[in-house]
Amino acid sequence: GAPSAPNLFIRPIMRLRDVSVEQFDEEYSPAEKAIPIVFENLMPSTFDPADWTRDAIMEECGFIPLIDPDVEDCAENLTAAVVDEDCHQVRYVNSSLFGKEWAGMMVANLTELNVTTLEDILELQDKPEGQHLYLHDGSLSYICPPAVERIRVPKYFPFDYRMLDNDPDTVDDMILEHWPDIFISKKGTGSPLHCDADMSRFYFQVLSGKKLWRVMPPSEYWRASPTDTDDYYPSKFEVDLMNVDFDKFPDMNGALVYEAILEPGDIIFVPESWAHQVINLADSIATSMNFVDYHNAPAHIRYLLQEKGLKTERSYFYRMMNSFLTPLDVPDQDTEEGEDGNYAIDDWLQQHHFYLLDVPEAVEKFVKYRTGIRNGLNSYRTSDGFP
């Protein structure tokens, strides 16, 4: 008979309910086992998608300017700021940039769009000429400060090791300058195939709307025509995973791809270096966080050494990461009756204060001493497999 048409080998992403922190840490989080997972029934009882509609966010925070006037480099040169990705997060996908720019995205020109506030961009998104625009990876603590109090960090992700590189007195401000991330998008928009930076993991919460996720394991990269193969790991790809051109990319025939549809309350966990593509099946609002934990810390450190060399090798952060002989992130498993175990932002930050402020003095002195020595801990290995 005639040969079958080429297609992807699509498998559903595993969905979990009511799994314990200990079980996740032992069975699903270790680097050698980690796969994408969708958590159900994890949001707090106070979660209400009605709090996260476009109208609700517009009423609550529509007056907020898209460019933060307190950021000097942006406020002092608005002509440059309106097209600077460090000054605002209004973006759109340009298909000609697949494989050239991260996620095929360009920064929008706010002057050309004639928008200055969050309300302006939300109203423009509702018009045909603005439906392609995406508030992508913005700072929720800036864009809509009151909404931060409604965010809960899933109990499975209590720490970000990267905070060890920060002054304990400023860590709250440092984190809240950017995190939590917020994504506000229209039906039909999305982000093309890409990997997140720094060998970091992330979770992504859908607060309203509906999104289709497709995720590809690192073993399948070669099929997707990565363009940055000289880097430590690819993060840019030419393939459109939602609508594969098999004539142009014949190796994609039979490619293993995991898929899930996320609705309000669903949370997806994506391990380090897994490529992913997302399309919005409805107008959507979501939040996300990248992090480094005990399980992907070795990969994160190897990435930093490869990308930044001796500058990282001699850093306080590198020494500190290599000096912890036990994982930081094994939280207490017990919760009071009626509690869900998830973290309010203040509680999540407090977890880090403990380790930033109460690092044993001997470890602190050891790390500082070694920081100034050329070969420092090059030959030093801990029992947990750090490089």
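All values derive from a computational prediction rather than experimental measurement.

1. Here's the deal with the overall build of the protein chain
Each helix and strand counted, the protein chain has 14 helices and 16 strands in total. Counting the 387 residues in the protein chain, one finds 51% classified as buried. Intrachain contacts of the protein chain at a sequence separation of at least 6 include 81% that bridge at least 24 residues. Taken as a whole, the protein chain presents about 18400 Å² of accessible surface, with 47% of it coming from carbon and sulfur.

2. A word on the pattern of salt bridges
Overall, the coordinates contain 11 salt bridges when judged by the stated rule. The salt bridge involving Arg54 is made with Asp126; its shortest N-O contact spans 3.3 Å. In this pair, Arg54 sits in helix 2 (residues 54-61) while Asp126 sits in the loop between helix 6 (118-125) and strand 6 (134-139), placing the two residues 72 residues apart along the sequence. Judged by relative accessible area, Arg54 falls into the buried class, the value being 11%. Taking the relative accessible area as the measure of exposure, Asp126 reaches 42% and is therefore partly exposed. For Arg214, the salt bridge is made with Glu259, and the minimal N-O distance between the two is 2.7 Å.

3. Overview of a negative patch on the surface
Residues Glu72, Asp73, Glu76, Glu85, Asp86 and Glu101 make up a contiguous surface patch of negative charge. Here Glu101 lies in the loop between strand 4 (90-93) and strand 5 (105-107).

4. Structural notes on the packing of helix 2 against helix 6
Relative to each other, helix 2 and helix 6 sit at 155 degrees, their axes nearing to 9 Å. Comparing the axis directions of helix 2 and helix 6 gives the class roughly antiparallel. The way helix 2 lies across helix 6 gives a crossing that is left-handed. When helix 2 is examined against helix 6, the residues Arg54, Ile57, Met58 and Cys61 are found in contact with a partner set consisting of Leu118, Glu119, Leu122, Glu123 and Gln125.

5. Some remarks on the sheet that holds strand 12 (residues 256-262)
Read from one edge to the other, the open sheet built from five strands follows the order 1-12-11-14-9, with strand pairing classed as mixed. At either end of the open sheet lies a strand with only one pairing partner, and these are strand 1 (9-12) and strand 9 (190-194). Put simply, the sheet's adjacent strands are angled 25 degrees from each other on average, direction ignored. Pairing analysis gives five bridges linking strand 11 (residues 211-216) to strand 12, with the strands arranged antiparallel. The residue of strand 12 that forms the bridge with Val215 is Tyr258.

6. Digging into the side chain of Arg54
At a separation of 2.8 Å, a polar atom in the side chain of Arg54 contacts the main-chain carbonyl oxygen of Leu122. With residues up to four places along the chain from it excluded, the contact list for Arg54 reads Leu122, Gln125, Asp126, Ile184, Ser185, Lys186, Asp283 and Ile285.

Reading guide: rules and limits
Residues numbered from 1 in each chain as written. Predicted model: local features only at pLDDT ≥ 70, side-chain atom pairs only at ≥ 80, totals over all residues. Heavy atoms only, no water. Helix = DSSP H or I, 4+ residues; strand = E, 2+ residues; numbered from the N terminus. Buried < 20%, exposed > 50% of the residue type's maximum accessible area, 1.4 Å probe, protein only. Contact = heavy atoms within 4.5 Å. Areas by Shrake-Rupley, 256 points an atom, 1.4 Å probe, with all protein chains shown as cover. Salt bridge = Lys/Arg side-chain N within 4 Å of Asp/Glu carboxyl O. Patch = residues over 30% accessible without salt bridge, like charges linked within 9 Å, V, L, I, M, F, W, Y side chains within 5 Å. Lys, Arg positive; Asp, Glu negative; His and termini not counted. Charge placed at Lys NZ, Arg CZ, Asp CG, Glu CD. Axes fitted to C-alpha atoms, helices over the stretch in contact; angles between N-to-C directions. Parallel < 35°, antiparallel > 145°, perpendicular 65-115°, else oblique. Left-handed = near helix turned anticlockwise from the far one by under 90°. Pairing = 2+ DSSP bridges. Polar contact = N/O pair within 3.5 Å; in protein donor to acceptor, adjacent residues only side chain to side chain.

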